[in-house]
Number of protein chains: 2
Amino acid sequence: MQRYFIQNEAINRKKVVIKGDDYHHIRNVMRMRPQDQVTVCDEDGNVHLAEIEEITATEVRLKMLERLECASELEAKVTVAMGLTRREKQEEVLRRVTELGASGFLTVSMERSVVKAKENSSVLERQKKIAKEAAEQSQRSRIPDVHGNFTFAGFLDFAERFEIKIFAYEEEAKKNDGTLRRILKTARGKSAIVLTGPEGGISSKEAELLKSRGFVPVGLGPRILRCETAPLYVMSAFGYELESENES
Amino acid sequence: MQRYFIQNEAINRKKVVIKGDDYHHIRNVMRMRPQDQVTVCDEDGNVHLAEIEEITATEVRLKMLERLECASELEAKVTVAMGLTRREKQEEVLRRVTELGASGFLTVSMERSVVKAKENSSVLERQKKIAKEAAEQSQRSRIPDVHGNFTFAGFLDFAERFEIKIFAYEEEAKKNDGTLRRILKTARGKSAIVLTGPEGGISSKEAELLKSRGFVPVGLGPRILRCETAPLYVMSAFGYELESENES
């Protein structure tokens, strides 16, 4: 069933009003009519079954029917931070980590980033749109927060608020000491931030700074992953560890 | 260090001859000279340190220095089978599952595949090239086998040879019963084939046929993954389960 994210203010006593892009989507793309049903997710992550009552020239009016049980959210709030790289790669990663359950996404200008950050609000708007669409398609009940691009120093400050702080570091990969697994086994119910490097990787100076601010280096296995594959591995590992039930 | 895959016949008593594309790469792209060193992987997955002795107008002659210990191969031979979809998506998945350690790759024409298979050897050649490049970049010692496209019936026959046979099935995702984890915990040293569907998913008829031929349905978590994300999740789960050491 088609899924729409709404702001809490769009709800008034079991009635919902949808305007703008989603209105266009319901009316012109899905060609829905009164009595058709959709799923509506509010800002608190609640999911409701709703029925279309009326489609006017500017809005769709719906009636909430019932609240649905919904457990599509990962039981850890994981924010993915990737070294700034080309726009298409960022967008692909954002789309996929949204499917894989990330709660947030940002990029960081790093020593080996080959592109410069653009002071451009359209980049952020585009990313928000991608996050929303991917959340809808993967049937999530929350849209990941898109935070934009940070300087390295700004990122270190931003990261203070997270309970788990890790970064993927090739040098650690060879040790393969199970650090990632040990951390993920304790992640349920926590907030986590995961930094992966740009094409050239994380520099040793950056690694030292990260460690001094409480970040733990983790290996992602013995093969070298591209910068756009590493975040997908980490998010898959979170999902696998937290969502594929143990035998015991 | 730059890595080249060679056929066993290119080796003759500690001497190796490289021609063709790799010759061009060594001479014109990397601009290497005698005494420069490279890593050479033979068809058995052995990795050798080698030194350039001579670069002629048609070939590079190298001397093997020593065999390197190399543990970059996943300890399960996993073949990824995906429902036939657009060429770019197939190629992206092939590239990423190679980084993530897959031993083989193929596509299957399925009920909900929206594209038709092309009788075209250039598709296969292109895929082989992608697999080789991704294996080199991720520092693997083996190139995944690229098997081309199968009919569904042909795929069922091909799959007979594998010890573990699983398919990602959305209907199972909601149960979230830990089947994937139970299977992966027994996968070390085994051969496995993993089928993921095309955009529209695997039909219930196909699911029944798969089960009747020994395939086990597994869920990949509560969110709906795109057809090009599902294989990456499965390969990441294999790597995480087999390569991130347990505490115990």
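Within any chain, residue numbers begin from 1 and follow the written order of that chain's sequence. All chains are assigned letters beginning at A, and all ligands numbers beginning at 1, according to the order in which they are written. Residue-level local features of this predicted model are given only where pLDDT is at least 70; pairs of side-chain atoms are given and counted only at 80 or more, and the full residue set underlies all totals for whole chains, interfaces and linings. The basis for the side-chain values is all heavy atoms of the structure; hydrogens and waters are excluded.

A closer look at the overall build of chain A
Part 1: On a plain count of helices and strands, chain A comes out with eight helices and twelve strands.
Part 2: Judged by the C-alpha coordinates and their principal axes, chain A covers about 60 × 50 × 30 Å.
Part 3: Here chain A holds 248 residues, and the buried ones make up 54% of them.
Part 4: Residue contacts follow a heavy-atom distance rule, with two residues in contact if any of their heavy atoms lie within 4.5 Å. Pairs at least 24 apart in sequence give 75% of the contacts found in chain A among residues at least 6 apart.
Part 5: In chain A, the 40 positive side-chain charges and the 40 negative ones have mean positions that sit 2 Å from each other. Only DSSP runs of H or I reaching four residues or more are called helices, and only runs of E reaching two or more are called strands; each is numbered from the N terminus. Summary of the burial criterion: residues with accessible area below 20% of their type's maximum are buried, those above 50% are exposed, and those between are partly exposed, where the area comes from a 1.4 Å probe applied to protein chains only. Here the positive residues are Lys and Arg and the negative ones are Asp and Glu; neither His nor the chain ends is included. Where a charge lies is defined by one atom per residue type, namely NZ (Lys), CZ (Arg), CG (Asp) and CD (Glu).

A short note on the sheet that holds strand S3 (residues 15–18) of chain B
Residue and element names in this part refer to chain B.
Part 1: Spatially, S1-S4-S5-S6-S3-S2 is the arrangement adopted by the six strands of the open sheet, whose pairing is mixed. The two strands at the open ends of the sheet, each matched to only one other strand, are strand S1 (3–5) and strand S2 (11–12).
Part 2: As defined by bridge partners, S1 adjoins strand S4 (residues 37–41) across three bridges and the pair is classed as parallel. For Tyr 4, the partnering residue across the bridge sits in S4 and is Val 40.
Part 3: In this analysis an axis means a line fitted to C-alpha atoms, helices contributing only their contacting stretch, and an angle means the value between N-to-C directions, from 0 to 180 degrees. Helix H1 (residues 20–29) rests against S1, S3, strand S5 (47–55) and strand S6 (60–68) of the sheet, and its axis sits at about 165 degrees to S1. A pair of strands is treated as paired once DSSP finds two or more bridges between them.

Some words on the interface of chain A and chain B
Part 1: With 43 residues of chain A at the interface, the matching set in chain B holds 43 residues.
Part 2: Summed over both partners, the accessible surface that disappears when two parts come together, traced with a 1.4 Å probe, is what is meant by buried area. Between chain A and chain B the total buried area reaches about 4,000 Å² when both faces are included, carbon and sulfur atoms providing 46% of it.
Part 3: The three residues of chain A that bury the most area against chain B are Arg 181, Arg 223 and Tyr 240 of chain A, which together make up 23% of that side's buried surface.
Part 4: Salt bridges are defined as contacts in which a side-chain nitrogen from Lys or Arg sits within 4 Å of a carboxyl oxygen from Asp or Glu. On inspection of chain A and its partner chain B, the count reaches ten salt bridges.
Part 5: Residue Glu 228 of chain A is joined to Arg 96 of chain B by a salt bridge in which the shortest nitrogen-to-oxygen separation is 3.6 Å.
Part 6: Any pair of N or O atoms that falls within 3.5 Å is considered a polar contact. Within protein, one atom must be able to donate a hydrogen and the other to accept it, and sequence-neighbouring residues count only if both atoms are side-chain atoms. Linking chain A with chain B are 30 residue pairs in polar contact (both at pLDDT 80 or more).
Part 7: At eight residues, the largest contribution of residues to the side of chain A that touches chain B is made by helix H8 (residues 230–243) of chain A.
Part 8: Side-chain classes follow a simple rule in which Ala, Val, Leu, Ile, Met, Phe, Trp, Tyr, Cys and Pro form the nonpolar group, Asp, Glu, Lys and Arg form the charged group, and the remainder, Gly included, forms the polar group. Along the lines of polarity and charge, the residues of the side of chain A that touches chain B split into twelve nonpolar, 14 polar and 17 charged.

A few points about the pairing of strand S5 (residues 47–55) of chain A
Residue and element names in this part refer to chain A.
Part 1: Sheet topology note: the strand S4 (residues 37–41)/S5 ladder contains five bridges and is antiparallel. When the bridges of S5 are listed, Val 40 appears paired with His 48.
Part 2: In sequence, S4 turns back onto S5 through a hairpin of five residues, with Gly 45 there showing a positive phi of about 85 degrees.
Part 3: With eight bridges connecting them, S5 and strand S6 (residues 60–68) associate as antiparallel partners. When the bridges of S6 are listed, Ile 55 appears paired with Val 60.

Brief notes about the pairing of S3 of chain B
Residues and elements named next belong to chain B.
Part 1: Burial along S3 is one-sided: Val 16 and Ile 18 are buried, and none of Lys 15 and Val 17, which face the opposite way, are.
Part 2: Of the strand pairs in this sheet, S2 and S3 are connected by two bridges, and their pairing is antiparallel. Residue pairing for S3: Ile 11 is matched across the bridge by Val 16.
Part 3: Hairpin connection between S2 and S3: a loop of two residues separates the two successive antiparallel strands, and Arg 13 in this loop has a positive phi of roughly 50 degrees.
Part 4: For S3 and S6, the ladder comprises four bridges, and the chain directions are antiparallel. Each bridged residue has a counterpart across the sheet, and for Lys 15 the counterpart in S6 is Lys 63.

Looking at the nonpolar core
Part 1: Note on terminology: a nonpolar core comprises buried Ala, Val, Leu, Ile, Met, Phe, Trp, Tyr and Cys residues joined through side-chain atoms within 4.5 Å. Grouped together as the largest cluster of nonpolar side chains are 70 residues, with contacts concentrated most on Leu 180, Leu 220 and Phe 238 of chain A together with Leu 180, Leu 220 and Phe 238 of chain B.
Part 2: Dropping the residues within four chain positions of it, Leu 180 of chain B is found in contact with Tyr 240 and Ser 244 of chain A together with Ile 166, Val 218, Gly 219, Leu 220, Tyr 233 and Ala 237 of chain B.

A look at the relation of the copies chain A and chain B
Part 1: Residues below a pLDDT of 70 in either copy are left out; the C-alpha atoms of the rest, at least 70 in both, set the least-squares superposition of the copies. Structural alignment of chain A on chain B gives an RMSD of 0.1 Å, achieved by rotating through 180 degrees and translating 0.0 Å along the axis. The relationship between the two copies is best expressed as a two-fold rotation axis.
Part 2: When the interface residues of chain A are mapped onto chain B, 100% of them again lie at the interface, so the same face is used by both copies.

Focus on the environment of Ala 187 of chain A
All names here are of chain A.
Part 1: Along the chain, the position of Ala 187 falls in the loop between helix H6 (179–184) and strand S11 (191–196).
Part 2: Using a relative accessible area of 1% as the deciding quantity, one classes Ala 187 as buried.
Part 3: Taking the C-alpha atoms as reference points, Ala 187 and Met 64, separated by 123 residues in sequence, lie 34 Å from one another.

Section: the confidence of the model for chain A
Part 1: pLDDT measures the predictor's confidence residue by residue and takes values from 0 up to 100. With 97% of its residues at a pLDDT of at least 70, chain A reaches an overall mean of 91.
Part 2: Two summary scores accompany this predicted model of the complex, namely pTM at 0.85 and ipTM at 0.84.

Describing helix H7 (residues 204–212) of chain A
Residues and elements named next belong to chain A.
Part 1: Within the span of H7, buried status applies to Glu 206, Ala 207 and Leu 210. With its buried residues spanning 100 degrees around the axis, H7 presents them on a single face. The exposed set on the far side of H7, more than 90 degrees from its buried face, consists of Lys 205 and Ser 212.
Part 2: Against the buried residues of H7 lie helix H4 (152–158), strand S10 (164–168) and S11. For this quantity, the arc is that covered by the directions from the helix axis to the C-beta atoms.

Focus on the packing of aromatic side chains
Residue and element names in this part refer to chain A.
Part 1: Working definition: rings of Phe, Tyr and Trp (its six-membered ring) pair if their centres are within 6.5 Å, and the pair is stacked with planes under 30 degrees apart, edge-to-face with planes over 60 apart, and tilted otherwise. In the structure shown here, the tally under the stated rule is eleven aromatic pairs over all chains.
Part 2: Geometrically, the ring pair formed by Phe 155 and Phe 215 is tilted, given 5.7 Å between the ring centres and 40 degrees between the ring planes. Residue Phe 155 is found in helix H4, and its partner Phe 215 is found in the loop between H7 and strand S12 (216–218); the two are separated by 60 residues along the sequence. Neither residue differs from the other here; Phe 155 and Phe 215 are each classed as buried.
Part 3: A centroid spacing of 5.7 Å and a plane angle of 55 degrees characterise the contact between Phe 158 and Phe 162, whose relative ring orientation is tilted. The same class applies to Phe 158 and to Phe 162, which are both buried.

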